Every structure is written in C-alpha cells, then in structure tokens.
Amino acid sequence: MKTPYNNDENDVEGQRLEKSKATGVQSKGVRSIQNQALLSGLAYCLSSCSMILVNKYVLSSYDFNAGISLMLYQNFVSVVIVSILSFLGIITTEPLTWRLIKVWLPVNFIFVGMLVTSMFSLKYINVAMVTVLKNVTNVMTAVGEMYLFNKHHDNRVWAALFLMIISAISGGITDLSFNAVGYTWQFINCCLTASYSLTLRRVMDTAKQVTKSGDLNEFSMVKLNNTLSLPLGLLLVLVFNEADYLSQTPLLRLPSFWVVVTFSGFLGLGISFTSMWFLHQTGATTYSLVGSLNKIPLSIAGLFLFNVPTTLENSATIFFGLLAGVLFARAKMRQ
C-alpha cells in the first residue's frame, strides 16, 4: 500500500534522477566543446609551424624572390581543392553572392596583407626571431580587445605582455642577421595579424546573416577568403613587378620546386581551415596565445634546420621571449 510519504519520496527520487541526467548531458556538452577547442588548437599549431618552415625553405633555400606569387599559388591550390571536394559532395560550401562578398571583402584585404608581409619578413629574418617578434601581435590583440570589446586583463597578463615587448626589442639588438627591412615588414605583419583576429570573429557573425542557409562553415570561409584573394594577389604581382622575375627564373623548370610549392599550397589550405576552426571554437586572444606556445618547437627547428648564426645573448633573448609567451598563456588561463 502506497502512502503519501512514499509518493513524496518517489517524486524526490525522480527529480534527483532527472537532475542527474541533465547534469550528465551538460557535462558531456562541455567536454565536447573543450575537445573541439583542443583538437582545433593542435591542428592549427601543426599546420602553422609546418607552413612557416616550408615558406622559409622556399624563400631562402631556393632563393625564390617572388613571395606574393608564392602566396597566390598557395591560395589557388586551396581554392581548387575545396572546389573539387565540394563538387564531389564530400563537403558543403555556401555559394558566393555579392552580398556575402561585400561583407567579407574588408577582412580579405587584411588577410592578403597578412600573408604577403609574412612572406617578405621571412625572406629577411630567421625563423626564431620571427617567432619572438610575433609576440608583439599578442600585445596589439590584447589592447584591441580592451578598446573594441571592453575586455579587461589582469596584471599578470600585462606583465607577460611587457616581457614580450622587452624580448622583442632585446632580440633585435642582439640579432647578428638584423635587417631593418625585414623587421619593418614583420611589424606591419603583427599589426595586420592582430587586426585579422579581432575583425574575423565579428565578420563571421555578420556573414552568416547574408548566406542562404544562415550558416557559414569553415570550408565556405576558406573558399571565400582564398577566392577573393586571387584578383588582389594578381594585382600585387603586377605592382611589385614579380612577373618579370617569374619569366626569367630557372626555378620554375625544376620539378622538385613545384613539388615543394604545391605541398605548401596544401599546408595553406590546412592553416586557413584550422585557423578559422580554432577561432570559431575560442576567441581572439586565445587564438594569439596558442600561436605563442607553438613558437617553442618552431624556434628550435628553425635554428637547427637553417643553420642560423647566433650568439649566447641572442639565444637567451629568444628563450626569454618564448618564456614570456608561456607566462602569457598561463595568465590567460587563470583569468
């Protein structure tokens, strides 16, 4: 025989069971988001490191003096691959409409400028110093988030950012292969990279509103970004007079050269996809700080692979800059 007491007890037990199920579903959702962020971050780090090393190899080891053309070819390869996958039905992409193009065009100008200045800086600066100087991007991104999004950072974050600035300045002073042109291009690259990470998230949200499906996946953004970069890249090739160089260089007749630059095109697709995927899963500052952490293996690889002449002071500066990046990451995680 059931009593009111038994009914109340059953109701309480049922509520506890429902609450437990809801908590379990919520925790699974949180773990799924965290796993997506971790996976996208690792993929971004791997493609980013590989891309920088391959570009440095093409520009320095082959002594290829057409960085814009290299960027243009890489983006063309990305467009071809995404278009083929979309045609075969393996992936889905949004059709390019004038409304979507008009929304995306401003961030595409920044995207192209970011790629071109990266090529120019890599031509003159060793990989280890490029990674240290890229820390300046974190400073610009943090300041931009503060003024644009009213996002405040604690004292530990600002202390780590100050150390990054010190390491960049001292690195330049102790750099045996210091090149003013390369450092100028790298500073411009830092400005454009920070602008790209700050504006991309907002543009992604706006672009979704003008698509037919109301959504914009990573492959659609890669296709959009790289397709719009092609006419602008062609214009820059003519402005910087790279066409004459391409008609004369014997490198274009080497099969091994085409293998390397085509491989770099695949990496270009990888970094375009993973950067947007990772930024979609996280935020602008997290995007930048993970970029700081992947500088550690990249710097070590750059020093050994390209036999960079260095001093104890410069090596210490590079290590100091990398340490500042780690401190910045820890400070952001605790914030």
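Notes on the structure follow.

**Describing the overall build of the protein**
In terms of helices and strands, the protein carries 13 helices and zero strands. When the helices and strands of the protein are listed from N to C terminus, the series reads α-α-α-α-α-α-α-α-α-α-α-α-α. Within the protein, the fraction of its 335 residues that count as buried is 47%. In the protein, 89% of the contacts between residues at least 6 apart in sequence involve partners at least 24 apart.

**Some details on the pattern of salt bridges**
Considering all chains together, one arrives at one salt bridge under this definition. Where Lys123 meets Asp63, a salt bridge forms, and the shortest distance between an N and an O atom there is 3.0 Å. Separated by 60 residues along the polypeptide, Lys123 in helix α3 (residues 98–124) and Asp63 in the loop between α1 (4–61) and α2 (67–87) bring together distant segments of the chain.

**Observations regarding a nonpolar patch on the surface**
Taken together, the side chains of Phe76, Val80, Ile84, Phe87, Leu88 and Ile90 make up a nonpolar region of the molecular surface, amounting to roughly 660 Å² of accessible area. Among the secondary structure elements, Leu88 is positioned in the loop between α2 and α3. For Leu88, a relative accessible area of 55% gives the class exposed.

**Observations regarding unusual backbone geometry**
Its identity is not glycine, yet Asp63 carries a phi of approximately 55°, on the positive side. The partly exposed category is assigned to Asp63, whose relative accessible area is 44%. The phi angle at Asn241 is positive, at roughly 60°, despite the residue not being glycine. Along the polypeptide, Asn241 turns up in the loop between α8 (218–239) and α9 (242–248). For Asn241, a relative accessible area of 46% translates into the label partly exposed.

**Re the environment of Met129**
Tracing the chain through its elements places Met129 in helix α4 (residues 127–133). Overall, Met129 belongs to the buried group, its relative accessible area being 0%. Between the C-alpha atoms of Met129 and Tyr183, which are 54 residues apart in sequence, the distance is 9.5 Å.

**Quick look at the side chain of Thr117**
Note that Thr117 resides in helix α3. The exposure class assigned to Thr117 is buried, which follows from its relative accessible area of 4%. A polar contact of 3.1 Å, which involves the side chain of Thr117, links it to the side chain of Asn189. Residues contacting Thr117, with those up to four places away along its chain left out, are Trp185, Ile188, Asn189 and Leu192.

**Structural notes on the environment of Ser118**
Structurally, the position occupied by Ser118 is in helix α3. Using a relative accessible area of 18% as the deciding quantity, one classes Ser118 as buried. Expressed as a C-alpha distance, the spacing of Ser118 and Val130, which sit 12 residues apart in the sequence, is 9.1 Å.

**Points about the environment of Thr117**
Taking the C-alpha atoms as reference points, Thr117 and Ile188, separated by 71 residues in sequence, lie 6.9 Å from one another. For Thr117, the side chain forms a polar contact with the main-chain oxygen of Gly113, separated by 2.7 Å.

**Some details on the packing of aromatic side chains**
Scanning all chains against the criterion turns up nine aromatic pairs. An angle of 55° between the planes, with centres 5.6 Å apart, marks the rings of Phe120 and Phe240 as tilted. In this pair, Phe120 is assigned in helix α3 and Phe240 in the loop between α8 and α9, connecting sequence segments 120 residues apart. Taking the relative accessible area as the measure of exposure, Phe240 reaches 41% and is therefore partly exposed.

**Section: the packing of α3 against α8**
For any two helices packed against each other, one specifies the inter-axial angle together with the distance between the axes. Two elements in contact, α3 and α8, have axes separated by 8 Å at closest approach and are oriented at 65°. Taken as a pair, α3 and α8 cross one another with a handedness that is right-handed. For the pair α3 and α8, the contacting residues are Leu100, Ile101, Trp104, Leu105, Asn108, Phe109, Phe111, Val112 and Val116 in the first and Met221, Leu224, Asn225, Asn226, Leu228, Ser229, Leu232 and Leu236 in the second. A class-by-class count of the residues in the contact of α3 with α8 yields 13 nonpolar, four polar and no charged.

**Observations regarding the state of the cysteines**
A full pass over the atoms with the stated rule returns zero disulfides. We note that Cys190 lacks a disulfide partner, and the nearest cysteine sulfur, in Cys191, lies 6.9 Å from it. Take Cys190: its relative accessible area is 1%, and that puts it in the buried class.

**A look at the nonpolar core**
Residues Val58, Phe64, Leu70, Trp104, Tyr196, Leu200 and Phe257 are the most contacted members of the largest nonpolar core, which totals 52 residues. Listed by contribution, the elements that provide at least two residues to this core are α1, α2, α3, α4, α7 (180–208), α8 and α10 (255–281). By residue number, the principal contributor to this core is α3, which donates 12 residues. Core analysis: the second largest hydrophobic core is formed by eight residues, Ala160, Met164, Ala324 and Phe328 among them.

What counts and what doesn't
Residues numbered from 1 in each chain as written. Predicted model: local features only at pLDDT ≥ 70, side-chain atom pairs only at ≥ 80, totals over all residues. Heavy atoms only, no water. Helix = DSSP H or I, 4+ residues; strand = E, 2+ residues; numbered from the N terminus. Buried < 20%, exposed > 50% of the residue type's maximum accessible area, 1.4 Å probe, protein only. Contact = heavy atoms within 4.5 Å. Salt bridge = Lys/Arg side-chain N within 4 Å of Asp/Glu carboxyl O. Patch = residues over 30% accessible without salt bridge, like charges linked within 9 Å, V, L, I, M, F, W, Y side chains within 5 Å. Areas by Shrake-Rupley, 256 points an atom, 1.4 Å probe, with all protein chains shown as cover. Polar contact = N/O pair within 3.5 Å; in protein donor to acceptor, adjacent residues only side chain to side chain. Phe/Tyr/Trp six-rings, centres within 6.5 Å; stacked < 30°, edge-to-face > 60°. Axes fitted to C-alpha atoms, helices over the stretch in contact; angles between N-to-C directions. Left-handed = near helix turned anticlockwise from the far one by under 90°. Nonpolar A, V, L, I, M, F, W, Y, C, P; charged D, E, K, R; others polar. Disulfide = S-S within 2.5 Å. Core = buried A, V, L, I, M, F, W, Y, C linked by side-chain atoms within 4.5 Å.

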